[in-house]
Amino acid sequence: FCKMLLWLHEDPSHALVSLFAGNPARIYIDASLIGETQHPQAFMVFPVRLSPGKHMLGIEAVKRQYPDWVQAGLRTHAGVWGTAPEWRSMTGPVSGWQDVAFDDSQWPEVGLTVREGPPPAPGVATSPHPFVDLQSQPTAVWTSAKWAQGQQRAVFRHVFNVPTPD
């Protein structure tokens, strides 16, 4: 962990992405798979390089039994943010959703759909880590879209802007 924190502060293009989920999930920036988790006690953090401009942070998750939730965070040199009620989601297969230019305007916002998520869900705990605010600032979310019969995946996305360094 210490090496990752030192790396973060070496260059303004360095950032950290976190993934914490009650469901098997994968996290993407733009069209690139950054990492995945298979276990609700695994708070995962991945180093990424981000150029100034528009990007998309997204999650693809497998539906399981209640409680369903995903949580992602992003720490840049400008601060920390992550999953929140204004993220958009859709269930089922969706082509091209990882592209920053994808039009998700018809997708519903997730809103406040999670009844249980980290930490009150039974059995959900993580080990201590040094990533201040990366787990506490984002909100656990789940899709507000209706599940079509047989669909087992949901995707979540949000477009963000990385400012040009001063």
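Owing to the predicted nature of the structure, the values given are computational and were not obtained by experimental measurement. (Residues numbered from 1 in each chain as written. Predicted model: local features only at pLDDT ≥ 70, side-chain atom pairs only at ≥ 80, totals over all residues. Heavy atoms only, no water.)

**Student:** Even after reading the chapter, I still don't get the overall build of the chain, so can you show me in this structure?
**Tutor:** Per the secondary structure count, the chain includes one helix and nine strands. In the chain, the succession of helices and strands from N to C terminus is α-β-β-β-β-β-β-β-β-β. By residue count, 43% of the 166 residues in the chain fall in the buried class. Taking all contacts inside the chain whose residues are at least 6 apart in sequence as the whole, residues at least 24 apart take part in 75%. Roughly 8600 Å² of accessible area belongs to the chain as shown, and the carbon and sulfur atoms make up 52% of that amount. (Helix = DSSP H or I, 4+ residues; strand = E, 2+ residues; numbered from the N terminus. Buried < 20%, exposed > 50% of the residue type's maximum accessible area, 1.4 Å probe, protein only. Contact = heavy atoms within 4.5 Å. Areas by Shrake-Rupley, 256 points an atom, 1.4 Å probe, with all protein chains shown as cover.)

**Student:** Quick question: what am I supposed to make of the side chain of threonine 37 here?
**Tutor:** Position of threonine 37 among the secondary structure elements: in strand 3 (residues 32–37). Within the structure, threonine 37 has its side chain in polar contact with the backbone oxygen of histidine 39 (distance 3.3 Å). Aside from chain neighbours lying at most four places away, what touches threonine 37 is Leu19, Ala21, Asn23, Pro24, Ala25, Ala42 and Met44. (Polar contact = N/O pair within 3.5 Å; in protein donor to acceptor, adjacent residues only side chain to side chain.)

**Student:** So what exactly am I meant to see when it comes to the sheet that holds strand 8 (residues 88–91) here?
**Tutor:** Pairing between sheet strands relies on hydrogen bonds along the backbone, with the strands arranged either parallel or antiparallel. Spatially, the five strands line up as an open sheet ordered 3-2-5-9-8, and their pairing is antiparallel. A strand with exactly one partner marks an edge of an open sheet, and here the two such strands are strand 3 and strand 8. Here the average twist between neighbouring strands, direction ignored, is 20°. Both strand 2 (residues 25–29) and strand 5 (residues 53–62) contribute to a ladder of five bridges, which runs antiparallel. Paired with isoleucine 29 across the two strands is leucine 57, which belongs to strand 5. (Pairing = 2+ DSSP bridges. Axes fitted to C-alpha atoms, helices over the stretch in contact; angles between N-to-C directions.)

**Student:** Explain the packing of aromatic side chains here, please?
**Tutor:** Each aromatic ring pair is summarised here by two numbers: the centre-to-centre distance and the angle between the ring planes. By the definition in use, this model includes seven aromatic pairs. Summarising the aromatic geometry, the rings of tryptophan 81 and phenylalanine 160 are spaced 5.1 Å apart at their centres and angled 55° between planes, so their arrangement reads as tilted. Here tryptophan 81, found in strand 7 (residues 79–82), pairs with phenylalanine 160, found in strand 9 (residues 153–162); they are 79 residues apart in sequence, far enough to count as distant. Judged by its relative accessible area of 8%, phenylalanine 160 falls in the buried class. Grouping aromatic residues by their ring pairs yields a cluster made of Phe20, Phe43 and Trp69. (Phe/Tyr/Trp six-rings, centres within 6.5 Å; stacked < 30°, edge-to-face > 60°.)

**Student:** I keep staring at the pattern of salt bridges and nothing clicks. Help me out?
**Tutor:** A full pass over the atoms with the stated rule returns three salt bridges. Two residues, aspartate 68 and lysine 63, come together in a salt bridge whose shortest N-O distance is 3.1 Å. Residue classification places lysine 63 among the partly exposed residues on the basis of a relative accessible area of 28%. Salt-bridge contacts for aspartate 104 lead to arginine 157; the nearest nitrogen and oxygen are separated by 2.9 Å. In this pair, aspartate 104 sits in the loop between strand 8 and strand 9 while arginine 157 sits in strand 9, placing the two residues 53 residues apart along the sequence. Of the two residues, aspartate 104 and arginine 157, neither departs from the other in class, the shared state being buried. Salt bridges linked by common partners bring Arg88, Asp104 and Arg157 together as one network. (Salt bridge = Lys/Arg side-chain N within 4 Å of Asp/Glu carboxyl O.)

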